[in-house]
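Tertiary structure, described
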Amino acid sequence: MNLQVLPLSDLQSFTYQKCLLPKELFPKRTLPGALAKCKLSSGAEYICNIYPMENQTPPYFCWLDDTVKVGAIKNTITSSLTSLEVLDNSIQPASRVNLIFTINEKLFEMKNANRQLLIDLTKTILQTYSFVNNSFIMLEELQEIGITEIHIQSKDSHVFKFTETTEIIVSNIKLQTSGEECFFRNLVAIEQPQEELQQLMESMSIYEELNWKMKPSLNALLIGPPGSGKTSICMNFVVENNCNCYIIRSANILGQYPGETEAELRRIFNSVKLFIQSFQPNDPVVILIEDLDLICPAVSKKNSNDSGNSTRVSGQLVSLLDNLRHSTESSKIIVLATSSRLESIMPALRRPGRFGIEINIPALSEEQRAVIFASMLEHSFYGKTFDLNTELLQKIAKQTQGFVASDLELLINSIGQELIRTEITFDKFTETLERLLRTMKPASFGHTDVKVFKTDDKFNSVGGMEQLKKALEISVLSGLKQKAAFERFGLCLPKGILLYGPPGCAKTTIAKCLATEANMTFIPTSAAEVYSPYVGNSEKYISKIFDTARKNSPCLVFLDEIDSLVGRRSADAKSDVQTRILSTLLTEMDGIGVKLFSSAPGGNSILVVAATNRPEMIDDALMRPGRFDKLIHVPAPDRDSRLQILKMHAGKMPFHNDVDLEKIAKATELFSGADICNLCNEAAMHAFTQDSDVEYINMEDFESVLRYQKSSLTQAQVQWYRDFECSHKR
């Protein structure tokens, strides 16, 4: 049997608990009006009296009343009737029944609304219907007065009906949650915030059991970047603990006229108290305030246009929280709030007793991103499942630095949009995924004026310098690739690396390559971007850089020409701007991994790389271990390195066979990498000037350029850097 289900209310009015079946499919040896359990493809089951219906031609369908349901499985529009189970028609009166009511705020409009009123309202109505244990009934007339659903429980295993003598016990009363459909179990990997929320529930139970006179503070503020899952974590907490929930959103309560917002806040808090006083629910009540910074913003002197209204709303919420804490209902109420801008919240709300508990949602680690992506994928593509191996999940996790839960969800939705018109296969899924990972950026990249991007240069794009590459491989890359071995030896990654050497020797390129090889996001900055004509803005920009790095960890922060950004401090300095910037930089480097939105504790997720050609100008406070742990000399390329650089250019430019790269490498003593690049460009320009139709660059072109082009470096410069390296070896 596989019949499309249509609602009975579309065919007949004022009917209840009926199912009309095609006469050809009506069960044999069954009388019309027999009671049966109708089972749908969605898993939902309904108790109905079944009747045959004539004048149907294939394809057959049935009309069904969904008033009385068995079990808590929700029906879907696409469900179909799959089977019937005819029940024993010897219906017996129920002696004792437990009821669990789900209500909404409409019921509070009735005077003297309480538990006894619920029994009086429903006892007569329920006598019309037949039930089995674990039944649910949903009636329009009850929903109009605020009773959404009634859960009926009985110890009897047979079909029963309510009578005047039936003893009705109200086991519990629940409040319908408008946002219950918004929660996601995909965030199970974010354990720490959920454990801290669970501690609030444990504290509530302990205080209630001990009956202490001291009033506990059960309010918490969840802080995290946009899309990190703050509301979803709260709704998971509500659903898992069977809490009743009131949701306060700025769009729903902010009124046009003065006083409207305050009145709406008072109404909600009064409804919570009335619900507890009148109905004595078994489960606690959660008041969830979304985006607290929009409802109660901090008032600044720079922007005081709407400060009066903001102050009134904040004052009203402060008063409600204080009164709630000293009320008799406080032991049953938890107030949760969310915000992505902690500094924008009215400071009066953040003291103990109001929102004294602050729960930070850290940046997702690689393991968490892999778990959340796999969990979200299970509920996507209309039930289509993919067997993602561990290697592919690790690749996805490494290429999604800075992604929050909403970014991962957008990635999956984007894959679905790409494949919506084609047959979804694993190969097409993998191909689309890899392409989107190369182009898609997390939303946090656009939330700040700090430059954040992914690099694609690798060490093989830098000619020679094998010893330098090996030093970076050992000190940085090996620690990322072999974490277990590093931890076994008690080693940790360096916090900072200083690259120093002559100009034009690829210090910036090496920093980009290191970010690519280490699979880190890349944040470059220089003195021109940091310095501001306004006092304090430069220090704020430094703090913003590191805050952005924490949100997009693992991250490499590159400080180009650091000597011009933070030079050596001196007693006779006329300006203290560099001193303040240096102080901020030292504080941020020492506080890596412990500030807001940082990644999980136990690892250094930010690497600071600085470049300079004047290392003697850098302050000693930065040069010590613990800040710049590694001082790496990037020397002028030797003969082998120059040969490798020339070979790289030969792969990109049309060199003739007569070009002797070894001879050119020998003739370019003291040439930097930039000099060699310029040499190749000048040789190409010389060939083009001689003949615009020429196909190759000849040795003669190089010899002509070498006659007048000189090195930008001197032997004294090169020797000075070698001496500095010897005196600062670590």
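Owing to the predicted nature of the structure, the values given are computational and were not obtained by experimental measurement. (Residues numbered from 1 in each chain as written. Predicted model: local features only at pLDDT ≥ 70, side-chain atom pairs only at ≥ 80, totals over all residues. Heavy atoms only, no water.)

Remarks on the nonpolar core
Our working rule: The nonpolar core is taken to be a set of buried Ala, Val, Leu, Ile, Met, Phe, Trp, Tyr and Cys residues, with the residues joined through side-chain atoms within 4.5 Å. For the exposure calls, accessible area comes from a 1.4 Å probe over protein chains only, and a residue counts as buried if that area is under 20% of its type's maximum, exposed if over 50%, partly exposed in between. Secondary structure elements are defined from DSSP: runs of H or I of at least 4 residues count as helices, runs of E of at least 2 residues count as strands, and each element is numbered from the N terminus. Contact between two residues is taken to exist if any of their heavy atoms lie within 4.5 Å; hydrogens are not considered.
Counting residues in hydrophobic clusters, the biggest one holds 65 residues, and the most contacted among them are F275, I289, L292 and L349. When residues of this core are assigned to their parent elements, the largest contribution, seven residues, is made by helix 6 (residues 260–279). Ignoring anything within four residues of it in the chain, the contact list for L292 reads L221, L317, A337, T338, S339, I345, L349 and F355. Grouped together as the second largest cluster of nonpolar side chains are 48 residues, F386, F403, A405 and L437 included.

Quick word on the confidence of the model for the chain
Quick note on the threshold: The predictor attaches a confidence to each residue, and that confidence, scored 0 to 100, is pLDDT.
On average, residues of the chain carry a pLDDT of 85, and 92% of them reach 70 or more. Across the chain, the secondary-structure element scoring lowest on mean pLDDT is helix 14 (residues 483–488), at 76, and the one scoring highest is strand 11 (residues 135–137), at 94. Below pLDDT 50 for its whole length, residues 179–183 participates in ten contacts with residues either more than four positions away or in separate chains. Note on residues 593–603: pLDDT under 50 across the span, and 28 contacts to partners over four residues away in sequence or across chains.

With respect to unusual backbone geometry
Omega for the peptide link from P58 to P59 comes to 0°, which places this bond in the cis form. Position of P59 relative to the elements: it lies in the loop between strand 4 (45–53) and strand 5 (61–64). Backbone geometry places N112, a non-glycine residue, at a positive phi of 55°. Along the chain, N112 falls in the loop between strand 9 (96–103) and helix 1 (115–126). Positive phi, close to 55°, is recorded for D291, a residue that is not glycine.

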